[in-house]
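Chain by chain, the residues:
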Amino acid sequence: MTNSTKNILRVLSIVLIFLIVSTCSSGDDMADYSSQYEVTGPQTSTTNTTPSTTNTTPSTTNTTPTTESASTNVSTSDFNSETNMVLLRIYMYESDGSGGENEIIITEEVPVFDIEGSTHKFYTNMGATQLIQLDEDGNVIYGEDERDSYFQTTHFEVPVKLDFQVTSNVEVNMEVYYSNAQDPDNPDKPTEVYEYIWDFGDNGNIDGKSIVAWRTTEYEQYTTPFALFPVKFGGKYRSTSNFPMSEIVYKQLLSMEYENVEFRYESDLYTSEQDVLDNIKVNFDQSLSDMAGTNGPNNLSVINLFGGREYFCGAEAFCVGNDGFINIFVKTPDLYIFSHEIGHTWSLREDSPVNWTDWEDIQVNNFVSDYGLTNVYEYFADAFFLYFSGQLELEDFPDQFKLPDLVKEKLDSYFQ
Ligand SMILES: [Zn+2]
């Protein structure tokens with residue numbers, strides 16, 4: 001490798017830690033979702049020396065700087081067992097200066113080593129160790145979320161493979177890797193890192209069941225599957241947490257359609273489709289009726305109904321706005337849950353007219369609710385709820401809920 005490439009690698013200490021933290025909220029949102037996905041590391045100008053347009057096509061052949069190629073390039077797989085080296089694509093993301101990101105890919109041959117009891121390879125660079133999965137042909141398996149990467153988390157010491165099996169109602173075949181060394185660049189972050197690798201199953205299902213909850217030894221309550229944020233790497237799921245996972249729950253989800261929305265529900269939670277309707281109809285109908293004549297519910301496509309267990313901090317719902325998904329964690333959702341979450345699916349969709357900078361400005365001097373102080377997305381969703389469905393809250397709790405004229409006028413501009 002060239003010296004310049006070495007230098008680039010030195011500064012590319014990508015720390016990808018998924019902070020598995022469930023915030024105490026009655027409605028998580030996109031912001032919570034994305035905050036679990038933090039990429040930190042030295043933002044140095046050195047990275048800019050790599051032209052971001054040339055290396056963006058994944059390739060194993062044309063970007064490796066080498067002058068001694070004949071023998072090392074004979075191997076057709078990424079892993080060379082003779083040299084114990086792996087050909088890696090290293091993905092970098094940096095701001096493009098206008099709100100977007102540039103993806104930079106560097107292809108590099110790196111030395112790897114084994115850990116006792118594991119079939120995976122490990123790569124240590126500048127004190128940071130990352131786990132590399134190889135397929136049966138010796139090629140690196142990359143994550144299949146929106147940020148391709150060969151690794152899921154960084155350990156700041158060589159991890160050990162723990163000998164424990166998580167409790168589950170299905171067979172998950174989970175491997176656990178553990179380290180307990182502080183990231184020298186982020187002393188405020190948790191030290192302990194548990195990295196999990198387990199069967200992805202069939203489309204994420206094992207025995208026809210999907211992940212609906214998990215918990216750690218730290219809390220009795222369950223955490224939502226979305227805080228686990230598992231990423232598919234080939235035939236495996238990978239995820240991390242800062243406390244040891246003690247249980248992961250898979251349940252069968254059934255599906256029914258109501259008011260052009262797909263409701264997916266735990267088969268153990270409701271006895272029949274009629275039982276689902278008995279639990280959701282009154283408040284869901286009211287929510288839609290409150291928005292009648294507007295495009296408020298238009299982006300809503302799927303509501304997942306999970307429940308029958310206590311979720312951490314009482315998180316009751318979670319919205320993946322752009323996709324029109326709402327995930328609800330109580331058996332009988334109230335009007336607030338439906339209208340607030342629809343506020344997310346309406347405002348966070350791709351063609352939403354919402355200018356979040358405008359709303360941040362409005363938020364500063366226009367109290368709506370305590371929960372609306374969380375961030376601008378929750379502020380909007382609570383204002384949306386009060387605007388359409390929250391008349392009783394405004395009358396009965398005038399100190400806790402407000403819909404200032406400026407906020408109402410802004411919402412009028414979308415819905416009147
Ligand atoms: Zn919310």
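Reading guide: rules and limits
Residues numbered from 1 in each chain as written. Predicted model: local features only at pLDDT ≥ 70, side-chain atom pairs only at ≥ 80, totals over all residues. Pairing = 2+ DSSP bridges. Helix = DSSP H or I, 4+ residues; strand = E, 2+ residues; numbered from the N terminus. Buried ≥ 20, exposed ≤ 12 C-beta atoms within 10 Å, placed from the backbone. Axes fitted to C-alpha atoms, helices over the stretch in contact; angles between N-to-C directions. Parallel < 35°, antiparallel > 145°, perpendicular 65-115°, else oblique. Left-handed = near helix turned anticlockwise from the far one by under 90°. Contact = placed C-beta atoms within 7 Å. Nonpolar A, V, L, I, M, F, W, Y, C, P; charged D, E, K, R; others polar. pLDDT = per-residue confidence, 0-100. Expected span 1.5 Å × (residues − 1). Bend = angle between axes of the 7 residues up to and from the residue. Core = buried A, V, L, I, M, F, W, Y, C linked by C-beta atoms within 7 Å. Domains from an automatic or database assignment.

**Topic: the sheet that holds strand E10 (residues 167–168)**
Spatially, E10-E16-E13 is the arrangement adopted by the 3 strands of the open sheet, whose pairing is mixed. Of all strands in the sheet, those with a lone pairing partner are E10 and strand E13 (210–216), marking the two edges. Inspection of the sheet shows E13 paired to strand E16 (residues 245–251) by 6 bridges, in the antiparallel sense. Paired with serine 210 across the two strands is lysine 251, which belongs to E16.

**Comments concerning unusual backbone geometry**
For methionine 126, which is not a glycine, the phi torsion comes out positive at approximately 55°. Note that methionine 126 resides in the loop between strand E7 (121–125) and strand E8 (128–132). In this model, asparagine 173 sits at a positive phi of 50°, which is unusual for a non-glycine residue. Secondary-structure assignment places asparagine 173 in the loop between E10 and strand E11 (175–180).

**Regarding the environment of alanine 381**
Residue placement: alanine 381 occurs in helix H8 (residues 376–388). The exposure class assigned to alanine 381 is buried, which follows from the 31 C-beta atoms found within 10 Å. As for alanine 381 and threonine 345, which are separated by 36 residues in sequence, their C-alpha atoms are 9.2 Å apart.

**Looking at the environment of threonine 119**
Tracing the backbone shows threonine 119 in the loop between strand E6 (113–114) and E7. Note: C-alpha distance between threonine 119 and leucine 134 (15 residues apart in sequence) is 8.5 Å.

**Here's the deal with the packing of helix H5 (residues 273–290) against helix H6 (residues 335–347)**
Axis separation between H5 and H6 bottoms out at 8 Å; the angle between their running directions is 45°. When the axis of H5 is compared with that of H6, the two are oblique. By crossing handedness, the relation of H5 to H6 is classed as right-handed. Contact residues: Asn283, Phe284, Gln286, Ser287 and Asp290 in H5; Leu335, Phe338, Ser339 and Ile342 in H6. A breakdown of the residues in the contact of H5 with H6 according to their chemical character gives 4 nonpolar, 4 polar and 1 charged.

**Notes on the sheet that holds strand E3 (residues 79–80)**
What the 3 strands build is an open sheet, ordered E3-E4-E5; its pairing is antiparallel. Here the strands that pair on one side only, and so sit at the sheet edges, are E3 and strand E5 (101–111). Note: strand E4 (residues 85–95) against E5, 11 bridges, orientation antiparallel. Among the inter-strand pairings, glutamate 94 is bridged to a residue of E5, identified as asparagine 102.

**Observations regarding the pairing of strand E17 (residues 253–258)**
Across 6 bridges, E17 lies against strand E18 (residues 261–266) in antiparallel orientation. Bridging from a neighbouring strand, leucine 253 pairs with glutamate 266 of E18. In this antiparallel pair of consecutive strands, E17 and E18, the connection spans 2 residues, and glutamate 259 shows a positive phi of 55°.

**Considerations on the confidence of the model for the protein chain**
In the predicted model, the protein chain carries a mean pLDDT of 82, and 81% of its residues have values of at least 70. Predicted confidence is poor over residues 1–73, with pLDDT under 50, and the contacts of this stretch with residues over four places away or in other chains come to 125 contacts.

**Quick word on H5**
Taking 1.5 Å per residue as the helical rise, H5 with its 18 residues ought to reach 26 Å, and the 24 Å between its terminal C-alpha atoms agrees with that figure. The axis of H5 is deflected most strongly, by about 50°, at isoleucine 280. Considered for burial, the residues of H5 that qualify are Val276, Ile280, Phe284, Ser287 and Asp290.

**Considerations on the pairing of E11**
In summary, the side chains of a regular strand alternate between the two faces of the sheet. Here 3 bridges tie strand E9 (residues 160–162) to E11, and the two strands are oriented antiparallel to one another. The residue bridging lysine 161 from the neighbouring strand is tyrosine 177, located in E11. Looking at chain direction, E11 and strand E12 (residues 192–199) are connected through 6 bridges and run antiparallel. Each bridged residue has a counterpart across the sheet, and for serine 179 the counterpart in E12 is valine 193.

**Some thoughts on the nonpolar core**
Among the nonpolar cores identified, the biggest contains 77 residues, and Ile132, Trp214, Leu305, Ile328, Ala383, Phe384 and Leu386 are the most heavily contacted of them. Sorting elements by how many residues they give to this core places H8 first, with 10 residues. Residues lining this core come from more than one domain, with at least three contributed by each of domain 1 (3–251) and domain 2 (253–415). Excluding residues within four positions of it along the chain, isoleucine 132 makes contact with Val86, Val112, His120, Lys121, Phe122, Tyr123, Val140, Tyr150 and Phe151.

**Considering the packing of helix H7 (residues 356–365) against H8**
At a minimum axis distance of 10 Å, the contact between H7 and H8 shows a crossing angle of 80°. Accordingly, the angle class assigned to the pair H7 and H8 is roughly perpendicular. Residues Trp356, Trp359, Glu360 and Gln363 of H7 pack against Val376, Tyr379 and Phe380 of H8. Among the residues forming the contact of H7 with H8, the class breakdown is 5 nonpolar, 1 polar and 1 charged.

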